[in-house]
Amino acid sequence: MKVNIIIFGQMVDVTGSSTLLIENVSTTDELVEKLHLQFPAMATAKYAIAVDKKMIRENTSITNNSMVALLPPFSGG
Amino acid sequence: MEQHQAYERYQRQIILKEFGYEGQYKLSRSKVLVVGAGGLGCPVLQYLAAAGVGTIGIVDDDLVSLSNLHRQVLYNMDDIGKPKSLTAINTLQQLNPQVQFIPYNTRLNNQNALGILKSYDIVVDGTDNFSSRYMINDACIVLNKVLVYGAVSRFEGQVSVFNHEENGKRSAGYRDLFPDAPNEGEIMNCAEGGVLGVLPGIVGSMQANEVIKLVTGIGQPLANRLLIYNALTNQVYELGFSSTTQKVLSEEAFLNRMYDAGCTSVQNFEITNDEFNALLEEENITIIDVREKGEVPLINGFDHLQIPLSQWPQKISSLEGHTIITFCQTGQRSLKAASLLFDTFGTAKKVHSLKGGITRWLNHQ
């Protein structure tokens with residue numbers, strides 16, 4: 001199972017890329033855990049998660065080829 | 001101004017069948033408050049003034065500086081050092097003298113916000129910091145105002161419409177996207193992270209467009225939707241979100257909230273009884289009694305943990321909650337505990353100590 005991740009804002013500084021492909025995760029909790037292992041700086045960062053263009057709040061199941069977006073807040077004006 | 005001149009000025013939008021005379025009339029009767037006359041505020045103000053919004057309030061306490069000019073296109077070299085709110089109005093009045101402009105050469109805070117916002121139909125957020133954004137979001141909830149949100153960073157911008165009433169229900173707000181303010185230093189602002197000058201021009205224009213749609217009732221506002229624009233790729237990404245944690249906020253709770261807590265000195269841990277009571281209404285809070293076993297009075301008015309200071313810091317690393325508040329008898333030991341928490345968590349958690357201790361708090365209830 002493959003999940004496409006799209007990363008916004010300054011979170012790209014942490015991941016090094018605005019897109020990632022993560023395999024073998026079936027829920028957003030598993031995905032977050034895997035990402036935090038891979039990118040420890042993400043563990044303390046604030047960001048919102050969207051699955052297939054819908055913002056989520058709770059653990060959500062991910063299907064093959066789901067598109068997950070990670071959005072940190074920014075305040076510039 | 002004569003009728004025919006007014007028609008001539010707005011003729012190109014009046015002839016749009018969706019807009020018409022009715023749209024122009026609605027605009028002329030509308031009152032819009034623009035908070036922040038910077039990168040986002042400049043294009044918002046220019047297009048709203050040009051379009052014929054009846055009354056435009058401008059809140060900004062900042063002065064024009066040279067580093068503003070690459071994106072804040074209302075200002076020129078002669079304006080450097082002058083107040084933005086007043087300078088913007090000088091330029092805008094020449095663009096459209098039919099508009100009534102009201103300057104607020106002050107910084108919006110939770111003490112003056114309700115008084116300023118209440119006279120307006122729509123609020124536009126063009127500020128440049130998180131504490132203002134959360135405060136404006138909350139003020140709009142208290143007053144039931146629709147808020148047109150925009151933010152930029154580097155090459156990326158966000159636009160949305162918060163708290164818009166449709167079929168008796170208010171659309172989601174900033175706290176539905178990001179429930180808590182980030183801590184100081186966690187996210188870079190424009191001064192640190194940089195911003196492409198044209199980007200706030202694009203995002204601010206989108207905000208002006210949302211305002212005009214809301215006033216005239218045409219199109220679909222970006223309610224419950226977040227639009228993300230990338231200037232480098234020209235990709236537009238749209239996300240749906242809904243109201244989950246948004247709740248009714250009382251005026252009293254709003255006035256007692258600490259909006260600069262996460263954004264000013266992190267070493268200033270102490271909170272007053274009123275601030276403590278306001279925090280009790282929030283979620284994701286852990287409260288700790290740091291007194292030793294057997295100390296009285298026992299507290300049962302709110303949920304809390306009991307971790308005597310003598311057992312610190314072994315037990316604190318696993319603490320949950322985004323905000324931790326400590327209390328003791330007089331506020332001395334809890335201050336020490338707050339300092340230990342800060343040493344452990346840094347800015348990852350907000351840490352407070354109840355000033356004056358639980359005895360003073362009990363006397364005030």
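Cut-offs applied
Residues numbered from 1 in each chain as written. Chains lettered and ligands numbered in written order. Predicted model: local features only at pLDDT ≥ 70, side-chain atom pairs only at ≥ 80, totals over all residues. Helix = DSSP H or I, 4+ residues; strand = E, 2+ residues; numbered from the N terminus. Rg over C-alpha atoms; globule rule 2.2 N^0.38 Å. Buried ≥ 20, exposed ≤ 12 C-beta atoms within 10 Å, placed from the backbone. Contact = placed C-beta atoms within 7 Å. Nonpolar A, V, L, I, M, F, W, Y, C, P; charged D, E, K, R; others polar. Arc of directions from axis to C-beta. Pairing = 2+ DSSP bridges. Axes fitted to C-alpha atoms, helices over the stretch in contact; angles between N-to-C directions. pLDDT = per-residue confidence, 0-100. Parallel < 35°, antiparallel > 145°, perpendicular 65-115°, else oblique. Left-handed = near helix turned anticlockwise from the far one by under 90°.

Draft legend 1. Inspection of the overall build of chain A at higher detail. Tallying secondary structure elements over chain A gives two helices and five strands in all. From first element to last, N terminus to C terminus, chain A shows the α and β order β-α-β-α-β-β-β. Computed over its C-alpha atoms, the radius of gyration of chain A comes to 12 Å, within 12% of the 11 Å expected for a compact globule of 77 residues. Here the C-alpha coordinates of chain A stretch approximately 40 × 25 × 20 Å along the principal axes. Split into buried and exposed, the 77 residues of chain A put 30% on the buried side. In chain A, the share of contacts with a sequence separation of at least 24, taken over all contacts with a separation of at least 6, comes to 55%.

Draft legend 2. Seen up close, the overall build of chain B. In terms of helices and strands, chain B carries 13 helices and 15 strands. If one aligns the C-alpha atoms of chain B with their principal axes, the spans along those axes are about 85 × 45 × 35 Å. Taken over 365 residues, chain B has a buried fraction of 42%.

Draft legend 3. How the structure looks around the interface of chain A and chain B. Across the contact, 18 residues belong to chain A and 32 residues belong to chain B. Elements supplying a minimum of two residues to the side of chain A that touches chain B: strand E3 (48-51) and strand E4 (54-56) of chain A. Residues that form the side of chain A that touches chain B fall into these classes: eight nonpolar, six polar and four charged.

Draft legend 4. Molecular detail of helix H2 (residues 20-29) of chain B. Residues and elements named next belong to chain B. Where H2 is concerned, the buried positions are Gly 23, Gln 24, Lys 26 and Leu 27. The arc that holds every buried residue of H2, seen down its axis, measures 160 degrees, which confines them to one face. Those residues of H2 that are exposed and angled more than 90 degrees off the buried face are Tyr 21 and Arg 29. Looking at the packing, one finds that the buried side of H2 touches helix H1 (3-14), helix H3 (41-51) and helix H9 (198-216).

Draft legend 5. Geometry of the sheet that holds strand E12 (residues 285-289) of chain B. Residues and elements named next belong to chain B. Reading across from one edge, E11-E15-E14-E12-E13 is the order of the five strands in this open sheet, with parallel pairing throughout. Every interior strand has two partners, whereas the edge strands, strand E11 (270-271) and strand E13 (305-306), have only one. With two bridges connecting them, E12 and E13 associate as parallel partners. Within the sheet, the bridge partner assigned to Asp 289 lies in E13 and is Gln 306. Against the sheet, helix H11 (residues 273-280) makes contact with E11, E12, strand E14 (323-327) and strand E15 (350-354), and its axis sits at roughly 135 degrees relative to E14, the strand it touches most. Strands in contact with helix H12 (residues 332-345) are E11, E14 and E15; relative to E15, the strand with the most contacts, it is inclined by about 175 degrees.

Draft legend 6. Here's a closer look at the confidence of the model for chain B. Residue and element names in this part refer to chain B. Summing up the model confidence of chain B, the mean pLDDT is 90 and the portion of residues at 70 or higher is 93%. Scored below 50 in pLDDT, residues 262-266 shows 14 contacts in the model against residues more than four places distant or in partner chains. ipTM for the predicted complex: 0.94, alongside a pTM of 0.77.

Draft legend 7. Region of interest: the pairing of E3 of chain A. Residues and elements named next belong to chain A. For E3 and strand E5 (residues 67-71), the ladder comprises four bridges, and the chain directions are antiparallel. Each bridged residue has a counterpart across the sheet, and for Val 51 the counterpart in E5 is Val 68. The pairing of E3 with E4 spans three bridges and is classified as antiparallel. Residue Val 51 lies in a different strand from E4, and its bridge partner there is Lys 54. Following E3, the chain reverses through two residues before pairing antiparallel with E4; Asp 52 in that reversal takes a positive phi of roughly 50 degrees.

Draft legend 8. Representation of the packing of H3 of chain B against H9 of chain B within the structure. Residue and element names in this part refer to chain B. At a minimum axis separation of 7 Å, H3 and H9 run at an interaxial angle of 40 degrees. By the criterion of interaxial angle, the relationship of H3 to H9 is oblique. Crossing of H3 against H9: the hand is right-handed. Counted together, Gly 41, Cys 42, Pro 43, Val 44, Tyr 47, Leu 48 and Ala 51 of H3 and Gly 201, Gly 204, Ser 205, Gln 207, Ala 208, Val 211 and Ile 212 of H9 form the full contact between these two elements. Classifying every residue of the contact of H3 with H9 by side-chain character gives nine nonpolar, five polar and no charged.

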